[in-house]
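Examining the three-dimensional arrangement
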Amino acid sequence: ALWCLMMSVTPTRGCLLDLPWEDILVPHILCHLPLQQLLSLQRVSKSFQSLIQLYLANMRCFDSSQIGPAIPRAAFVNLLKDNEVLQQLALQNCSDWLTDRELLPVIGQNHHLHRIQLKGCAQLSRHALVAISLSCPNLRQLSLAHCEWVDSLSLRSLADHCKALEAVDLTACRQLKDEAICYLVQKCSRLKSLSLAVNANVGDVAVEETAKCCPELEHLDLTGCLRVKNDSIRVLAEYCPKLRSLKVKHCHNVAESSLSILRSRGVELDVEPPLQRALVLLQDVVGFAPFINLQI
């Protein structure tokens, strides 16, 4: 079916390449094909190669998962060398090959990026985050999960230049402490989603400042933040009326006494109430669910 699409539009109207490239083929046809298949088309003919290069230069979204994590460095650079209109860039788990040398030119020539995904890109450096902050003033969503190279100075640069941020994932960015998080939320008060999970250096100070500075906050992930306690959860409940979900699993100093306030408001929590948790444990032990009226 794909081959028929490429070789002809109808039996009587000629070749697919006869259609207007920029008005029809690129925005209305090629955008529906998987990127990996589009790249294979370049081998069909020189005309198809030119068409795909035009498509790549006008591509708004690039997701490495459509090709696979093991993209050759040279191939990645060649794919985006002419593109200056990217809006979304997803390069998650490209730690085997992605370094500043490959990423910085792409960031530097694309000033319309509003969503960047760099989860698990371990070979980058703080210079990558500084480049993002300087080149992407319209950035809305940024994932830096498991990027341990993120430090307080580069995060300050992000906060100073990308104040329209709405979602930031800093999971396992272990260099960050309360002071860096406080600076971020003070500058980026539009945040709706924030992950500080798996960071032993984050505590009540950062959570309370987040609550007070980000009234639009809807999702907060504090999984494994061992220094977070009940007091900051109560502040969160007081200052964030739009909160929809909170993750506090493995936060051993957070008890039901503070969570119950959020639970009564219908906030989705990743820990069960004490009674329900006990019943689940009992079921696991005895092998059946005890008949207990939970409405009593």
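This text follows the structure it describes.
Rules of the game
Residues numbered from 1 in each chain as written. Predicted model: local features only at pLDDT ≥ 70, side-chain atom pairs only at ≥ 80, totals over all residues. Heavy atoms only, no water. Helix = DSSP H or I, 4+ residues; strand = E, 2+ residues; numbered from the N terminus. Buried < 20%, exposed > 50% of the residue type's maximum accessible area, 1.4 Å probe, protein only. Contact = heavy atoms within 4.5 Å. Areas by Shrake-Rupley, 256 points an atom, 1.4 Å probe, with all protein chains shown as cover. Phe/Tyr/Trp six-rings, centres within 6.5 Å; stacked < 30°, edge-to-face > 60°. Lys NZ or Arg CZ within 6 Å of the ring centre and 35° of its normal. Polar contact = N/O pair within 3.5 Å; in protein donor to acceptor, adjacent residues only side chain to side chain. Core = buried A, V, L, I, M, F, W, Y, C linked by side-chain atoms within 4.5 Å. Domains from an automatic or database assignment. Axes fitted to C-alpha atoms, helices over the stretch in contact; angles between N-to-C directions. Parallel < 35°, antiparallel > 145°, perpendicular 65-115°, else oblique. Nonpolar A, V, L, I, M, F, W, Y, C, P; charged D, E, K, R; others polar.

Considerations on the overall build of the chain
- Along the chain, the regular secondary structure elements total 13 helices and nine strands.
- For the chain, the proportion of its 296 residues judged to be buried stands at 44%.
- Here the contacts in the chain between residues at least 6 apart in sequence split such that 71% fall between residues at least 24 apart.
- Working note: accessible area of the chain is about 15200 Å², and carbon and sulfur atoms make up 52% of it.

Observations regarding the packing of aromatic side chains
- Scanning all chains against the criterion turns up two aromatic pairs.
- These aromatic residues form a ring-pair network of at least three members: Phe62, Phe76 and Trp97.
- Of note, arginine 156 hangs over the ring of tyrosine 183, and the distance from its end group to the ring centre comes to 3.7 Å.

Looking at the side chain of serine 133
- Note on placement: serine 133 falls in helix 7 (residues 126-135).
- Serine 133 gets classed as buried once you look at its relative accessible area, which sits at 2%.
- Residues contacting serine 133, with those up to four places away along its chain left out, are Ser157, Leu158, His161 and Cys162.

Remarks on unusual backbone geometry
- Its identity is not glycine, yet alanine 172 carries a phi of approximately 60°, on the positive side.
- Position of alanine 172 relative to the elements: it lies in the loop between strand 5 (167-169) and helix 9 (178-187).
- Here alanine 172 falls in the buried class, since its relative accessible area comes to 1%.
- Its identity as a non-glycine residue notwithstanding, histidine 250 has a phi of 70°, on the positive side.
- Mapped onto the secondary structure, histidine 250 falls in the loop between strand 8 (245-247) and helix 12 (256-264).
- For histidine 250, a relative accessible area of 47% translates into the label partly exposed.

What to know about the side chain of glutamate 102
- As for its placement among the helices and strands, glutamate 102 is situated in helix 6 (residues 100-108).
- Among the polar contacts made by the side chain of glutamate 102, one reaches the side chain of arginine 73 at a distance of 3.5 Å.
- With sequence-adjacent residues up to four places away left out, glutamate 102 is seen in contact with Arg73, Phe76, Val77 and Trp97.

Here's the deal with the nonpolar core
- Among the nonpolar cores identified, the biggest contains 83 residues, and Phe62, Leu222 and Leu246 are the most heavily contacted of them.
- Here the element with the most residues in this core is helix 9; it accounts for five residues.
- In this structure, this core is formed jointly by two domains, domain 1 (21-58) and domain 2 (61-271), each of which donates at least three residues.
- Apart from the residues within four sequence positions on either side, phenylalanine 62 is in contact with Leu35, Ile67, Ile71, Phe76, Leu79, Leu80, Leu86, Gln88, Leu89, Ala90 and Leu91.

Focus on the environment of glutamate 208
- Along the polypeptide, glutamate 208 turns up in helix 10 (residues 204-213).
- Judged by relative accessible area, glutamate 208 falls into the partly exposed class, the value being 22%.
- Glutamate 208 sits 31 residues away from tyrosine 239 along the chain, and the two C-alpha atoms are 8.9 Å apart.
- When neighbours within four sequence positions are excluded, glutamate 208 is seen to be in contact with Asp231, Ser232 and Val235.

Details of helix 8 (residues 152-161)
- Among the residues of helix 8, Ser154, Leu155, Ser157, Leu158 and Ala159 are the ones counted as buried.
- If you follow the buried residues of helix 8, they end up packed against helix 7, strand 4 (141-143) and helix 9.

Some thoughts on the packing of helix 6 against helix 7
- The geometry of helix 6 relative to helix 7 is characterised by a closest axis approach of 9 Å and an angle of 5° between their N-to-C directions. In this view, helix 6 runs roughly parallel relative to helix 7, as classed from their interaxial angle. On helix 7, the residues that touch Asp100, Leu103, Leu104, Ile107 and Gly108 of helix 6 are His127, Ala128, Ala131, Ile132 and Ser135.
- For the contact of helix 6 with helix 7, the residue count by class is six nonpolar, three polar and one charged.

Worth remembering: the numbers are spatial, not functional.
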